[in-house]
Amino acid sequence: MQRIMIVDDEALVLFDMTMTVEDLGYEVFCDCISVPDALECLGDDCPDAALLDIDVGGTMVWPLARVLDQRDCPIIFVSANKAHPEFENEFKHCGFIDKPASAEQIEAKLDAVVQKGETAPRVAASRA
């Protein structure tokens, strides 16, 4: 089963996305309300995809997104604000869903980046 990381500082939004991801047949890798919690949860592992809010409790998600991107984890940003220069440069290859996100939007974006039923273990590159 494919594992999805979910990060959003709004508890109800996080709960809703978690339930949606599970209803779509994915496993929740972890669901976090802060960037530090998400980085700790991630550790040296890597989910099959990530649904990330951009402004997480006043902290921008970019440090987490960079780590996930380096590990070749597909990222889908879920936010009401796409007016960030990072989308024109470093994260232009990532998916984006406007908030509020519907189950259909989440399903379409996840299906586009994750092959259901095929689990390919992802391990972070060792750091010297």
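Details of the structure are given in the entry above.
Reading the values: the criteria
Residues numbered from 1 in each chain as written. Predicted model: local features only at pLDDT ≥ 70, side-chain atom pairs only at ≥ 80, totals over all residues. Heavy atoms only, no water. Core = buried A, V, L, I, M, F, W, Y, C linked by side-chain atoms within 4.5 Å. Buried < 20%, exposed > 50% of the residue type's maximum accessible area, 1.4 Å probe, protein only. Helix = DSSP H or I, 4+ residues; strand = E, 2+ residues; numbered from the N terminus. Contact = heavy atoms within 4.5 Å. Polar contact = N/O pair within 3.5 Å; in protein donor to acceptor, adjacent residues only side chain to side chain. Pairing = 2+ DSSP bridges. Axes fitted to C-alpha atoms, helices over the stretch in contact; angles between N-to-C directions. Patch = residues over 30% accessible without salt bridge, like charges linked within 9 Å, V, L, I, M, F, W, Y side chains within 5 Å. Areas by Shrake-Rupley, 256 points an atom, 1.4 Å probe, with all protein chains shown as cover. Salt bridge = Lys/Arg side-chain N within 4 Å of Asp/Glu carboxyl O. Lys, Arg positive; Asp, Glu negative; His and termini not counted. Charge placed at Lys NZ, Arg CZ, Asp CG, Glu CD. Phe/Tyr/Trp six-rings, centres within 6.5 Å; stacked < 30°, edge-to-face > 60°. Lys NZ or Arg CZ within 6 Å of the ring centre and 35° of its normal.

Student: How should I be thinking about the nonpolar core in this particular structure?
Tutor: Nonpolar side chains tend to gather and get buried jointly when the protein is soluble and globular. Formed by 25 residues in total, the largest nonpolar core has its most connected members in M5, L52, L64, L68 and F77. Secondary-structure elements contributing two or more residues to this core are β1 (3-7), β2 (27-32), α2 (35-42), β3 (49-52), α3 (62-70) and β6 (75-79). At four residues, α3 tops the list of elements feeding residues into this core. For L64, the contacting residues outside a window of four places in its chain are M5, V7, V35, A38, L39, L42 and L52.

Student: What exactly am I supposed to notice about the side chain of T18 here?
Tutor: Turning to its location among the elements, T18 is positioned in helix α1 (residues 11-23). For T18, a relative accessible area of 9% corresponds to the buried category. Side chain to side chain, T18 and D31 meet in a polar contact 3.3 Å long.

Student: Got a minute to help me understand the sheet that holds β2 in this structure?
Tutor: In any sheet, the strands associate via hydrogen bonds between backbone groups, in a parallel or an antiparallel arrangement. Sheet architecture is open: five strands sit in the order β2-β1-β3-β6-β7, paired in parallel fashion. Single-partner strands in this sheet number two, and they are β2 and β7 (95-98). Pairs of neighbouring strands in the sheet enclose a mean axial angle of 20 degrees, with direction left out of account. Direction of pairing for β1 relative to β3: parallel, over a ladder of four bridges. Residue pairing in the sheet places I4 in a bridge with A49 of β3. With respect to the sheet, α2 is in contact with β1 and β2, its orientation differing from that of β2 by roughly 140 degrees. The strands touched by helix α4 (residues 103-113) within the sheet are β1, β3, β6 and β7, with β7 carrying the most contacts at an inclination of about 175 degrees.

Student: Just to check I follow, could you spell out a negative patch on the surface for this structure?
Tutor: Among the surface-exposed residues, E22, D23, E27 and D31 lie close enough to one another that they form a single negatively charged patch. Elements with a minimum of two residues in the negative patch: α1 and β2. As for its position among the elements, D31 is in strand β2. Exposure remark for D31: the relative accessible area of 38% places this residue in the partly exposed category.

Student: Mind showing me how you'd approach the packing of aromatic side chains here?
Tutor: The description of two aromatic rings rests on the distance between their centres and on the angle between their planes. Evaluation of the coordinates by the stated rule reveals six aromatic pairs. Their ring planes at 80 degrees and their centres at 5.7 Å tell us that W62 and F87 sit as a pair that is edge-to-face. Of this pair, W62 sits in helix α3 while F87 is found in the loop between β6 and β7, placing the two residues 25 residues apart along the sequence. For the pair formed by W62 and F87, the shared burial category is buried. A ring pair is formed by F87 and F96, whose centres lie 5.4 Å apart and whose planes are at 80 degrees; its orientation type is edge-to-face. For the pair F87 and F96, one class covers both residues: buried. Here K82 stacks its cationic end above the ring of F87, 6.0 Å away from the centre of that ring.

Bear in mind that shape data such as this cannot, by itself, settle questions of function.
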